[in-house]
Amino acid sequence: MSTKYGGYMGKVLKINVSTREVTEYPWSDEERRLFIGGKSMAAKILGDNLTSQTKPFSAENLLVITTGPLTGTGAPSSSRFNVSTLSPQTKIITSSNCGGNFGYYLKKAGLDGLVIEGRSETPLWLHIRNGEVVFNDAADMWGLKTGPAQKALDERLAAENGKPVKNGKLVIGPAGENQVLYSAIISNERVAGRGGTGAVMGWKNIKAITASGNQQVRVAEPEKMKALNKKWFKYLRSHPLTGDQLPRLGTAGLVSTMQMNGQLSTKNYNYGRYDDFELVNGETLAEKYNIVNKGCLTCPIKCARTVEVDGKPVKGPELETLGLLGGGILNNDLEAILKWNYELDELGMDTISTASTLAYAMEAREKGLWDNGLAFGETEDISKIWEDIAYRRGIGDELANGSRWLAEKYGGKEFAINAKGLELAAYEPRRAVGLGLGYAVSNRGGCHLNGGYMILLEGLSMNVDPQTPHGKPDMTVMFQDLMEMVSAAGQCLFTTYAFFPPPLISKPHAWYTRAFCKAVPVIGPVLRLLNKFPGMLCFNIPVVFNQSKALKYATGMPMNFGKFFKAGKRSYTLERHINTRFGIRRKDDSLPARLTDVPQIEGDEKTRVPLERMKTVYYHARGWTQDAVPTPRTLKKLGLAGLASYKETCEAFRRGEFQDKPAGRSAGAGKEGA
Ligand code: SF4
């Protein structure tokens with residue numbers, strides 16, 4: 001099915017790995033206009049195909065791999081791809097956005113996406129070449145770690161073609177093969193880490209997917225796109241965050257700021273500061289171990305870094321890994337973290353969920369709930385624990401199920417640090433309550449990015465009062481929607497760091513910066529109005545927000561800031577609409593009681609997350625019921641009345657199945673919800 005729009009290849013393939021049948025997945029221009037690409041496109045495909053009865057490990061579950069229209073257009077940081085599926089970890093839909101070069105090569109292969117169903121009887125390697133799918137036996141690769149597996153793929157492609165073949169790769173490691181619930185998909189050195197997409201790929205018996213070809217992405221207005229990209233690269237390179245902090249220290253540079261603000265999760269989120277933070281922060285990493293900065297294709301930010309471990313160059317850790325495998329488990333050995341980071345990538349496991357699950361287990365032992373031999377600060381045998389998890393041996397077999405599962409078995413839900421089954425990143429939300437709301441309501445579970453990343457305002461780069469709930473729900477909605485569409489368009493979310501004009505970042509004490517920070521908590525009603533009527537924003541924002549214009553030049557669709565924003569809203573609401581099918585309600589938008597009931601600073605009630613209050617405003621701003629269900633009116637307003645499930649929802653509302661009142665004290669709300 002071709003397309004009138006630029007930026008797309010106009011073809012999505014459906015691959016049944018049980019029958020080895022390949023067909024074109026119907027994806028119309030109307031769907032392109034409404035859902036753009038990436039995670040939004042994947043949500044529509046999952047919504048159209050999954051029922052409430054679909055199980056994550058089943059032939060009916062789909063692994064949907066999508067690109068966005070900016071991928072391959074030369075737009076900055078746009079080589080991304082997205083993987084979505086019904087998550088075995090959270091039992092709701094998940095999406096994982098990843099850099100590297102697979103997205104770029106999938107488009108070179110002539111495709112916008114892959115929809116994979118079924119289950120192969122034997123291990124499989126799928127090679128996509130110029131729109132054709134080759135089914136290769138992967139029995140000899142099964143069991144390989146992700147590095148050797150990627151090397152083997154290059155060797156096999158070179159042997160078949162008589163010369164090296166430029167290609168993009170996706171592989172799983174032993175963790176995915178053994179269905180560790182938080183196993184990842186690896187692409188070069190980048191990781192689609194969250195939600196267990198690797199476990200679904202492993203269950204389907206797919207070891208690897210490669211893509212190659214010589215197709216070109218056609219854009220609607222090439223000259224304008226080229227000129228915009230030139231300016232955009234320049235702006236990102238000159239911005240204090242995307243042109244200095246991220247290239248210089250990567251996300252690791254945030255550790256020191258979080259420490260200063262009391263936002264660095266320590267000892268399984270018992271505290272917000274770690275005494276030994278200087279031994280495991282970005283500055284020490286840069287000084288002692290950094291060899292070279294690296295970046296994904298077409299990225300001027302280059303936030304990744306290569307470090308040296310035992311004389312070998314390996315990928316450096318991100319902030320989340322440093323925080324959770326540092327202070328999170330009371331470990332101050334930075335070299336050990338570098339080694340573990342490498343080992344976890346090789347095994348194909350999400351470092352956030354692995355580390356947080358380990359921290360839960362350590363605390364469960366400390367509290368006498370589970371005699372597992374693990375203890376905070378005792379880290380000599382941790383590499384063996386990773387292997388035990390990946391191969392599901394001994395206690396590793398239980399750790400492989402994540403903190404929610406463990407807390408259900410052993411108790412201690414109040415300190416199993418996850419939301420909807422997805423472990424939180426290293427940012428402590430009791431000292432950034434807007435982030436706390438984001439973690440709780442995020443569609444894919446405890447994710448700072450999908451939650452709107454309020455902490456960027458609450459201390460990481462600006463000084464909006466981190467303890468006030470005022471203005472945060474409306475701001476969260478706005479950021480979630482904008483980031484949703486940045487991601488759907490195929491761009492890295494780190495480009496959103498540059499939304500704030502440079503003077504607001506580089507001059508924190510200037511009157512205008514202080515005025516901005518003071519204004520955020522009181523402009524909630526204005527933001528709510530904009531959230532309700534995004535059409536009012538019928539213009540493009542120059543310099544700091546190039547995404548809407550880029551989408552217009554790439555695709556030829558009518559696009560401005562308001563339409564871009566509305567498309568993000570549509571996508572976010574669609575994801576929630578689908579998750580409603582899997583039983584998600586207000587009670588599930590929760591945090592562990594440690595974060596809502598126990599002040600981080602003893603006696604200071606402000607240092608806990610006032611979650612229920614913020615949720616009430618948040619649902620209102622979203623046009624969802626107070627039980628977190630998108631109403632038929634909201635669905636219709638966002639152009640979702642054409643969904644097959646829209647009618648069912650209308651009928652369910654008519655039957656009174658969805659209440660529009662708070663569901664009372666929620667499971668995670670504890671004292672705060674009372
Ligand atoms: S900012 Fe970092 S993760 Fe994002 S595209 Fe650039 S190098 Fe990749």
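As the structure is a prediction and not an experimental result, all values here were calculated from the model.

1. Quick notes on the overall build of the protein
Line of reasoning, step 1. Looking only at helices and strands, the protein features 28 helices and 17 strands.
Line of reasoning, step 2. On C-alpha atoms alone, the protein measures out to a radius of gyration of 23 Å, which is about the 26 Å that the 2.2 N^0.38 rule sets for 674 residues.
Line of reasoning, step 3. Principal-axis analysis of the C-alpha atoms places the extent of the protein at approximately 70 × 60 × 55 Å.
Line of reasoning, step 4. Here the protein holds 674 residues, and the buried ones make up 67% of them.
Line of reasoning, step 5. A total accessible area of about 23400 Å² is found for the protein, and carbon and sulfur atoms account for 53% of it.
Line of reasoning, step 6. Seen as two clouds, the 86 positive and the 69 negative side-chain charges of the protein have centres 8 Å apart.

2. A word on the pairing of strand β5 (residues 93-98)
Line of reasoning, step 1. Here β5 lies mainly inside the structure; five of its six residues are buried.
Line of reasoning, step 2. In textbook terms, the turn of a hairpin is the stretch between consecutive antiparallel strands, and for strand β4 (residues 81-86) and β5 this stretch comprises six residues, one of which, K91, has a positive phi near 65°.

3. Topic: the pattern of salt bridges
Line of reasoning, step 1. As enumerated under the stated definition, the model contains 38 salt bridges in all.
Line of reasoning, step 2. Salt-bridge contacts for R576 lead to D589; the nearest nitrogen and oxygen are separated by 2.9 Å. In this pair, R576 is assigned in helix α23 (residues 561-581) and D589 in the loop between α23 and α24 (593-597), connecting sequence segments 13 residues apart.
Line of reasoning, step 3. Taking relative accessible area as the criterion, D589 reaches 0% and is therefore assigned buried.
Line of reasoning, step 4. A network of salt bridges, in which partner residues are shared, links E31, K44 and D48.

4. With respect to the domain arrangement of the protein
Line of reasoning, step 1. The assigned domain composition of the protein is domain 1 (12-212) and domain 2 (240-555).
Line of reasoning, step 2. Each of domain 1 and domain 2 was reduced to a C-alpha centroid, and the two centroids are 25 Å apart.
Line of reasoning, step 3. Each partner contributes residues to the interface: domain 1 has 53 residues there, and domain 2 has 52 residues.
Line of reasoning, step 4. With both sides pooled, the region where domain 1 packs onto domain 2 buries about 4200 Å², and carbon together with sulfur makes up 54% of that total.
Line of reasoning, step 5. For the interface between domain 1 and domain 2, the tally reads five salt bridges.
Line of reasoning, step 6. The partner of K39 in a salt bridge is E484, with the nearest N and O atoms 2.7 Å apart.
Line of reasoning, step 7. Put simply, the parts of the chain that give the side of domain 1 that touches domain 2 at least two residues each are α2 (38-49), β5, α4 (146-161), α5 (174-177) and β11 (190-192).
Line of reasoning, step 8. Take the side of domain 1 that touches domain 2: its biggest share by element is five residues, from β5.
Line of reasoning, step 9. Split by residue class, the side of domain 1 that touches domain 2 holds 17 nonpolar, 29 polar and seven charged.

5. Description of the sheet that holds β4
By way of backbone hydrogen bonds, the strands of a sheet pair with one another, either parallel or antiparallel.
Line of reasoning, step 1. Here six strands make up an open sheet; going across it, the order is β2-β1-β6-β3-β4-β5 and the pairing mixed. Here the strands that pair on one side only, and so sit at the sheet edges, are β2 (21-24) and β5. On average, each strand axis in the sheet is inclined to that of its neighbour by 15°, with strand direction left out of account.
Line of reasoning, step 2. Here six bridges tie β4 to β5, and the two strands are oriented antiparallel to one another.

6. Concerning the packing of aromatic side chains
Within a pair of aromatic rings, the relevant descriptors are the distance that separates the centres and the angle that separates the planes.
Line of reasoning, step 1. Evaluation of the coordinates by the stated rule reveals 21 aromatic pairs.
Line of reasoning, step 2. Centroid distance Y104 to Y105: 5.1 Å. Interplanar angle 80°. Geometry classified as edge-to-face.
Line of reasoning, step 3. With a relative accessible area of 27%, Y104 lands in the partly exposed category.
Line of reasoning, step 4. On the numbers, 6.0 Å between centres and 35° between planes, the contact of Y453 with Y497 is tilted. Note that Y453 is positioned in the loop between α17 (433-441) and α18 (472-489) and Y497 in the loop between α18 and α19 (502-506), a separation of 44 residues in sequence. Side by side, Y453 and Y497 carry an identical accessibility label, which is buried.
Line of reasoning, step 5. One aromatic cluster in this structure is built from F499, F545, F561, F564 and F565.
Line of reasoning, step 6. Sitting over the face of the ring of F415, K367 holds its NZ or CZ atom 5.2 Å from the ring centroid.
Line of reasoning, step 7. The ring centre of F533 lies 5.4 Å from the NZ or CZ of K637, which sits over that ring.

7. Details of unusual backbone geometry
As a rule of thumb, non-glycine residues mostly have phi less than zero, and peptide bonds are mostly trans rather than cis.
Line of reasoning, step 1. If you check the backbone angles, Q179 has positive phi at about 55° while not being a glycine.
Line of reasoning, step 2. Looking at the element boundaries, Q179 is found in the loop between α5 and β10 (185-187).
Line of reasoning, step 3. A relative accessible area of 18% means that Q179 is categorised as buried.
Line of reasoning, step 4. The phi torsion at V543 lies on the positive side, around 60°, for a residue other than glycine.
Line of reasoning, step 5. On the secondary structure map, V543 appears in the loop between α21 (524-532) and α22 (547-555).
Line of reasoning, step 6. In this structure V543 comes out as exposed when scored by relative accessible area, which is 51%.

8. Here we look at the site of the ligand
Line of reasoning, step 1. Residues in close proximity to the ligand include S77, R80, R190, G295, C296, C299, I301, K302, C303, C492 and F494, which together make up its full environment.
Line of reasoning, step 2. Considering only residue class, the shell around the ligand consists of six nonpolar, two polar and three charged.
Line of reasoning, step 3. Two domains each donate at least three residues to the shell around the ligand, and these are domain 1 (12-212) and domain 2 (240-555).

9. Considerations on the packing of α2 against α18
Line of reasoning, step 1. Running from N to C, α2 and α18 point in directions that differ by 90°, and their axes come no closer than 5 Å. Our classification of the angle between α2 and α18 gives roughly perpendicular. Contact with α2, carried on its side by G38, K39 and S40, involves E484, M485, S487 and A488 of α18 and no other residues of that element.
Line of reasoning, step 2. The residue inventory of the contact of α2 with α18, partitioned by class, reads two nonpolar, three polar and two charged.

10. A word on the sheet that holds strand β14 (residues 304-309)
Line of reasoning, step 1. Strand order in the open sheet formed by three strands is β13-β14-β15, with antiparallel pairing between adjacent strands. Strands at the two margins of the open sheet, each flanked by one partner only, are β13 (290-294) and β15 (312-315). In this sheet, neighbouring strand axes are inclined to one another by 30° on average, regardless of whether the strands run parallel or antiparallel.
Line of reasoning, step 2. Bridge analysis of β13 against β14 gives four bridges, and the strand direction is antiparallel. From the neighbouring strand, N290 faces β14, where its bridge partner is V307.
Line of reasoning, step 3. Across the sheet, helix α8 (residues 240-249) lies against β13 and β14, angled at about 20° from β14, the strand it touches most.

11. Quick word on the environment of K108
Line of reasoning, step 1. Along the chain, the position of K108 falls in helix α3 (residues 102-108).
Line of reasoning, step 2. Residue K108 is classed as buried on the basis of its relative accessible area, which comes to 15%.
Line of reasoning, step 3. The contact partners of K108, leaving out residues within four places of it in the chain, are N130, S212, G213, N214, Q215 and Q216.

12. Here's the deal with the side chain of E346
Line of reasoning, step 1. With respect to the helices and strands, the residue E346 is situated in helix α12 (residues 334-347).
Line of reasoning, step 2. Not counting the four nearest positions on each side in its chain, E346 is found in contact with K145, T146, G147, P148, G173 and P174.

Rules of the game
Residues numbered from 1 in each chain as written. Predicted model: local features only at pLDDT ≥ 70, side-chain atom pairs only at ≥ 80, totals over all residues. Heavy atoms only, no water. Helix = DSSP H or I, 4+ residues; strand = E, 2+ residues; numbered from the N terminus. Rg over C-alpha atoms; globule rule 2.2 N^0.38 Å. Buried < 20%, exposed > 50% of the residue type's maximum accessible area, 1.4 Å probe, protein only. Areas by Shrake-Rupley, 256 points an atom, 1.4 Å probe, with all protein chains shown as cover. Lys, Arg positive; Asp, Glu negative; His and termini not counted. Charge placed at Lys NZ, Arg CZ, Asp CG, Glu CD. Pairing = 2+ DSSP bridges. Salt bridge = Lys/Arg side-chain N within 4 Å of Asp/Glu carboxyl O. Domains from an automatic or database assignment. Contact = heavy atoms within 4.5 Å. Buried area = accessible area lost by both parts, 1.4 Å probe. Nonpolar A, V, L, I, M, F, W, Y, C, P; charged D, E, K, R; others polar. Axes fitted to C-alpha atoms, helices over the stretch in contact; angles between N-to-C directions. Phe/Tyr/Trp six-rings, centres within 6.5 Å; stacked < 30°, edge-to-face > 60°. Lys NZ or Arg CZ within 6 Å of the ring centre and 35° of its normal. Near = heavy atom within 4 Å. Parallel < 35°, antiparallel > 145°, perpendicular 65-115°, else oblique.

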